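Report on the structure
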Amino acid sequence: MTIPRQPLTFENALWQIAALLGWDGCAAVLGKSESQVRKLGTPGVEREISLRDAVRLDAAFRAAGGDGAPLLECYAIKLDLKIPVEPAAPACMIVGAGRAAKESGEAVAAAIDLARNANDPRARVKACREIEEAITELTRLLTRIAAQNEESRA
């Protein structure tokens, strides 16, 4: 049975890692039993993953070909949520979505340009800059949307 996991939770991030490594693989990385690791990924259980274990799992995820670092990314977004942010009004979300779309499009275009001009240092710098700008706009939008979600839970 699959346990539903909320987005923006460590349990969901751990589940993403386990989908690639397997629960037994996660257990091997941490030197713990599979049962212990599964409990870390179960919502509502009092146990939480340690920072040391999170780093180990994110590193193993990347080494196995995973894209990103699910636990680190979850932590970064949660940190942003702790900084007071006004929930997004509909007009703010439209503006934010527009900015995110614009920056994402520019990031994709710059990455494609870099693929064509892999030896051009200017293309590499531009791709990095455009991708960073897209991540920033998407994170801002996500933080506002999640802040609204957090406010409705309170």
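Fair warning: this is a prediction, and the values are worked out from it, not measured in the lab. All chains use their own residue numbering, which begins from 1 and follows the written sequence. Per-residue local features are limited, in this predicted model, to residues with pLDDT of at least 70; the limit for side-chain atom pairs, both in listing and counting, is 80 or more; totals at the level of whole chains, interfaces and linings are taken over all residues. Side-chain metrics rest on all non-hydrogen atoms present in the structure, leaving aside hydrogens and water.

Quick word on the packing of helix 1 (residues 10–21) against helix 4 (residues 51–63)
Under the convention used in this document: As a rule, the C-alpha atoms of each element are fitted with a line to give its axis, helices using only the stretch in contact, and angles between N-to-C directions run from 0 to 180 degrees. Helix and strand assignments follow DSSP, with helices taken as H or I runs no shorter than four residues and strands as E runs no shorter than two, numbered in order from the N terminus. Roughly parallel means an angle under 35 degrees; roughly antiparallel, over 145; roughly perpendicular, 65 to 115; everything else is oblique. The hand of a helix crossing depends on one turn: near helix anticlockwise from the far one by less than a right angle means left-handed, and clockwise means right-handed. When checking whether two residues touch, look at their non-hydrogen atoms; a contact exists if any pair is within 4.5 Å.
Direction vectors running N to C along helix 1 and helix 4 enclose 40°, while the axes themselves pass 10 Å from each other. By the angle between their axes, helix 1 is oblique relative to helix 4. The interaxial crossing formed by helix 1 with helix 4 has left-handed handedness. Note on element contacts: helix 4 touches helix 1 through Leu57, Asp58, Ala60 and Phe61, opposite Leu14, Gln16, Ile17, Leu20 and Leu21.

Regarding the pattern of salt bridges
One side chain can pair with another of opposite charge once the charged atoms of both are near each other. We count it as follows: For salt bridges, the criterion is a side-chain nitrogen of Lys or Arg within 4 Å of an Asp or Glu carboxyl oxygen. Type-normalised accessible area, obtained with a 1.4 Å probe on protein chains alone, sets the label of each residue: buried when under 20%, exposed when over 50%, and partly exposed for intermediate values.
Here the structure, examined in full by the defined rule, presents seven salt bridges. Asp53 is paired through a salt bridge with Arg56; the nearest N and O atoms lie 3.6 Å apart. Separated by three residues within a single helix, Asp53 and Arg56 lie in helix 4, roughly one turn from each other. You can call Asp53 buried: its relative accessible area is 5%. Across the salt bridge formed by Glu137 and Arg140, the nearest N and O atoms sit 3.1 Å from each other. One end of the pair is Glu137 and the other is Arg140, both in helix 7 (residues 121–153) and three residues apart, which spans about a single turn. By sharing partners, the salt bridges in this structure join Lys32, Asp53 and Arg56 into a single network.

Things to note about the layout of surface pockets
Under the convention used in this document: Definitions used for this entry: grid spacing 1 Å over protein atoms alone; cavity, a set of points where a 1.4 Å probe fits but cannot get out; pocket, an open set with protein on both sides within 12 Å along at least 5 of 7 lines; lining residue, one with an atom within 4 Å of a point. Grid points are joined across faces, edges and corners, and a volume is the space filled by probe spheres set on the points.
Empty space within the largest pocket amounts to approximately 470 Å³. Taken together, 23 residues make up the lining of the largest pocket; nearest its centre are Phe10, Ile49, Ala54, Leu71 and Tyr75. Of all the secondary structure elements, the ones that give two or more residues to the lining of the largest pocket are helix 1, helix 4 and helix 5 (70–82). Here the lining of the largest pocket gets six residues from one element, more than from any other, and that element is helix 4.

Quick notes on the nonpolar core
Inclusion rule: What makes a nonpolar core is a set of buried Ala, Val, Leu, Ile, Met, Phe, Trp, Tyr and Cys residues whose side-chain atoms join them at distances within 4.5 Å.
Core analysis: the largest hydrophobic core is formed by 18 residues, its most contacted members being Ile17, Cys26, Val37, Leu57 and Leu71. When contributions to this core are tallied by element, the ones reaching two or more residues are helix 1, helix 2 (23–30), helix 3 (34–40), helix 4 and helix 5. Broken down by element, this core gets its largest block of residues, five residues, from helix 1.

Regarding the packing of helix 1 against helix 2
The axes of two packed helices give the description: the angle between them and the distance between them. Let me state the cut-off plainly: Residue type decides the class: Asp, Glu, Lys and Arg count as charged, Ala, Val, Leu, Ile, Met, Phe, Trp, Tyr, Cys and Pro as nonpolar, and the leftover types, Gly among them, as polar.
Their axes nearest at 6 Å, the elements helix 1 and helix 2 cross at an angle of 105°. In terms of orientation, helix 1 lies roughly perpendicular with respect to helix 2. On helix 2, the residues touching Leu14, Trp15, Ile17, Ala18 and Leu21 of helix 1 are Trp23, Asp24, Gly25 and Cys26. Of the residues in the contact of helix 1 with helix 2, the class split is seven nonpolar, one polar and one charged.

Things to note about helix 1
Filter applied, for reference: Working rule for helices: expected span equals 1.5 Å times residues minus one.
Between its terminal C-alpha atoms helix 1 stretches 16 Å, which fits the 16 Å expected from 12 residues at 1.5 Å a residue. Gly22 sits one or two residues past helix 1 and shows a positive phi near 85°.

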